[in-house]
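Residue-level listing of the chains:
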Amino acid sequence: MKMVPNPDGRNADFYRLAASGRLYLQQCTGCRQYYHPPRYLCRECGSGELEFVPSEGRGRVFSWTVTHRGVDPGWAEELPYATVVVEMEEGVRVVGALNGDPGALELDLPVTAEIDRVSEKFARIVFNLVG
């Protein structure tokens, strides 16, 4: 059985919305700045009026790491797997899993986000290579 996190605070809001089947990012209603991870105040204008808005889920690979020897035995069948940092079109970076061959990864490759719903409160963000 795979370990599933139990997020709290603003992260709980992010993952609960993702569990609905779509990636949402936080945005300031005043200056329109996007944020991830979620926060309580806008660093640009200081507003506390931040909302979650749907993302188109498109981005580019910024960085990654490949796990060859897992700590959690629940993931053993998926080894090796890649965890990617993706710079979204909205300008924020999101961490997720790669759906595909880690050997195909290169910087700046286009990807799209997919939601892997684990429960009503949590979903994995999975990225697929485009093309």
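You'll find the structure just up there.
Residues numbered from 1 in each chain as written. Predicted model: local features only at pLDDT ≥ 70, side-chain atom pairs only at ≥ 80, totals over all residues. Heavy atoms only, no water.

### Considering the pairing of strand 4 (residues 58–67)
Reasoning step 1: The pairing of strand 4 with strand 7 (residues 110–117) spans three bridges and is classified as antiparallel. Looking at the pairing, Arg58 lines up with Thr112 of strand 7.
Reasoning step 2: In terms of strand pairing, strand 4 meets strand 5 (residues 81–88) through eight bridges, oriented antiparallel. Bridging across to strand 5, Arg60 finds its partner in Glu87. (Pairing = 2+ DSSP bridges. Helix = DSSP H or I, 4+ residues; strand = E, 2+ residues; numbered from the N terminus.)

### Section: the side chain of Ser47
Reasoning step 1: Tracing the chain through its elements places Ser47 in the loop between strand 2 (34–35) and strand 3 (50–54).
Reasoning step 2: Judged by its relative accessible area of 18%, Ser47 falls in the buried class.
Reasoning step 3: There is a polar contact of 2.9 Å between the side chain of Ser47 and the backbone nitrogen of Glu49. (Buried < 20%, exposed > 50% of the residue type's maximum accessible area, 1.4 Å probe, protein only. Polar contact = N/O pair within 3.5 Å; in protein donor to acceptor, adjacent residues only side chain to side chain.)

### So, the pattern of salt bridges
A side chain of one charge can pair with a side chain of the opposite charge if their charged atoms are brought near each other.
Reasoning step 1: Counted under the stated rule, the structure contains eight salt bridges.
Reasoning step 2: Residue Arg16 is joined to Asp13 by a salt bridge in which the shortest nitrogen-to-oxygen separation is 3.6 Å. Pair noted here: Arg16 and Asp13 are both in helix 1 (residues 9–18), with a separation of three residues, about one helical turn.
Reasoning step 3: What makes Arg16 partly exposed here is its relative accessible area of 43%.
Reasoning step 4: For Asp13, a relative accessible area of 21% translates into the label partly exposed.
Reasoning step 5: Members of the salt-bridge network, linked through shared partners, are Arg22, Glu56, Arg58 and Glu89. (Salt bridge = Lys/Arg side-chain N within 4 Å of Asp/Glu carboxyl O.)

### Points about helix 1
Within an α-helix, residues lying three or four positions from one another point in the same direction, as the helix has 3.6 residues per turn.
Reasoning step 1: Listed as buried for helix 1 are Arg10, Phe14, Leu17 and Ala18. The arc that holds the buried residues of helix 1, viewed along the axis, is 105 degrees, so those residues lie on one side.
Reasoning step 2: At its buried positions, helix 1 is contacted by strand 1 (24–28), strand 3, strand 7 and strand 8 (123–129). (Arc of directions from axis to C-beta. Contact = heavy atoms within 4.5 Å.)

### A short note on the packing of aromatic side chains
Reasoning step 1: Under the criterion given, the structure shown has three aromatic pairs.
Reasoning step 2: When the centroid spacing of 4.9 Å and the interplanar angle of 80 degrees are considered together, the rings of Phe14 and Tyr15 count as edge-to-face.
Reasoning step 3: Looking at Tyr15, the relative accessible area reads 22%, which means it is partly exposed.
Reasoning step 4: Taken together, a centroid distance of 5.9 Å and an interplanar angle of 45 degrees make the contact between Trp75 and Tyr81 tilted.
Reasoning step 5: Take Trp75: its relative accessible area is 16%, and that puts it in the buried class.
Reasoning step 6: Looking at Tyr81, the relative accessible area reads 22%, which means it is partly exposed.
Reasoning step 7: An aromatic cluster is built from Phe14, Tyr15 and Phe122, whose rings are joined through pairwise contacts.
Reasoning step 8: In this arrangement the basic side chain of Arg93 is found over the ring face of Phe62, its NZ or CZ atom lying 3.5 Å from the centre. (Phe/Tyr/Trp six-rings, centres within 6.5 Å; stacked < 30°, edge-to-face > 60°. Lys NZ or Arg CZ within 6 Å of the ring centre and 35° of its normal.)

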